[in-house]
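Tertiary structure, described
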Amino acid sequence: MEFSQETVNAFYERAIDLAYLIVPRIIFAVIFYLVGKFIIKSLLRGMKNLLEKRESNPSLNDFLFGFVKIVLFTTLFMGVASILGAPLGSVVAIFGAAGLAIGLALQGSLSNFAGGILILGFKPFEVGNVIVAQGHTGTVAKIQILYTHLMTFDNREVVIPNGSLANSDIINMSTQPTRRTELNVGVAYGTNIKQAKEIIKNVFENDPRALKEPAPFVALSNFGDSSLDLVVRVWAKSGDLWPMHFDAMESINSEFEKHGIEIPFPQRVVHQIKEEAAGEEAKQD
């Protein structure tokens, strides 16, 4: 198949017109991309230095840095596409459709993602805090965008989704410098309550970990089936609370033994009337 000279000349002129139209756009797009990339890297470098100087959560810093990076490079690519002649509305629609598809596919992860932002932003707890959440008690080891890691006291790692964590009750046991412990001590009926109370108070007065203000509180709280129940409430520094609690239990038991105070166990007294039973049997005979 042969082309006439006129057809060849028309193709040639058309190619030159396209070259004059496209080549400058390509060159400008390349320059725009390189300059934009340099500016973005400079901005990100400055942002990273600023975040490192701030005393904030490292996980939050990583998230902010990554989010800004995605936004800046997305804007850069949209600018390059616009320079090359792609309709800006179509480019935005493509990104929007892609974002919608990803969002529908990752609904659970997005819920955890949003929960992670709330936790990192409002800081209901921090790494190192002891919390009670989702039925678990432990020390916060890591706070990530999607999951929070707890280390329980028996050294098990619990991974909790941030979505459920952000929408549930959280008990943070590390925010206050002091805490209160409560002991329930039972003594036998007939015990001198005043003496028992004095013994318990002396145990905590001799323990430097027990705070003097508020003062230790001891009172009769209940008449149990087998015991008189005393409630003991003592304040201590958060780090001293549980060591003091367990040491006090042992000390109270030792002091009660020294003073002859009985700590009862559940018991039931059964009376058997043999004479009446024998009389009934005689009548039947």
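What comes next concerns the included structure. Numbering of residues starts from 1 in every chain and runs along the sequence as written. Given that this is a predicted model, residues contribute local features only at a pLDDT of at least 70 and side-chain atom pairs are listed and counted only at 80 or more, while totals for whole chains, interfaces and linings are drawn from all residues. Computation of side-chain values: all heavy atoms of the structure, hydrogens and water removed.

Working definition: helices are DSSP H or I runs of at least four residues, strands are E runs of at least two. Numbering for both runs from the N terminus. From N to C terminus, the protein chain includes eight helices and eight strands. Throughout, exposure labels follow a simple rule: accessible area from a 1.4 Å probe, protein chains only, divided by the maximum for the residue type, with under 20% read as buried, over 50% as exposed, and the rest as partly exposed. Out of the 285 residues in the protein chain, the part that is buried amounts to 26%. In the protein chain, 63% of the contacts between residues at least 6 apart in sequence involve partners at least 24 apart. Looking at the protein chain as shown, the accessible area adds up to about 19,500 Å², and 60% of this sits on carbon and sulfur atoms. In what follows, residue pairs with any heavy atoms lying within 4.5 Å of each other are defined as contacts. Only the protein chains shown count as covering a residue, and every accessible area follows the Shrake-Rupley method with a 1.4 Å probe.

Turning to unusual backbone geometry, a few remarks are in order. Cis rather than trans, the peptide bond between Glu213 and Pro214 has omega equal to -5°. At Lys123, a residue that is not glycine, the phi angle is positive and equals roughly 55°. Topologically, Lys123 is positioned in the loop between α4 (107-122) and β1 (130-133). Taking relative accessible area as the criterion, Lys123 reaches 33% and is therefore assigned partly exposed. If you check the backbone angles, Gln134 has positive phi at about 55° while not being a glycine. Note on placement: Gln134 falls in the loop between β1 and β2 (136-143).

Worth remembering: the numbers are spatial, not functional.
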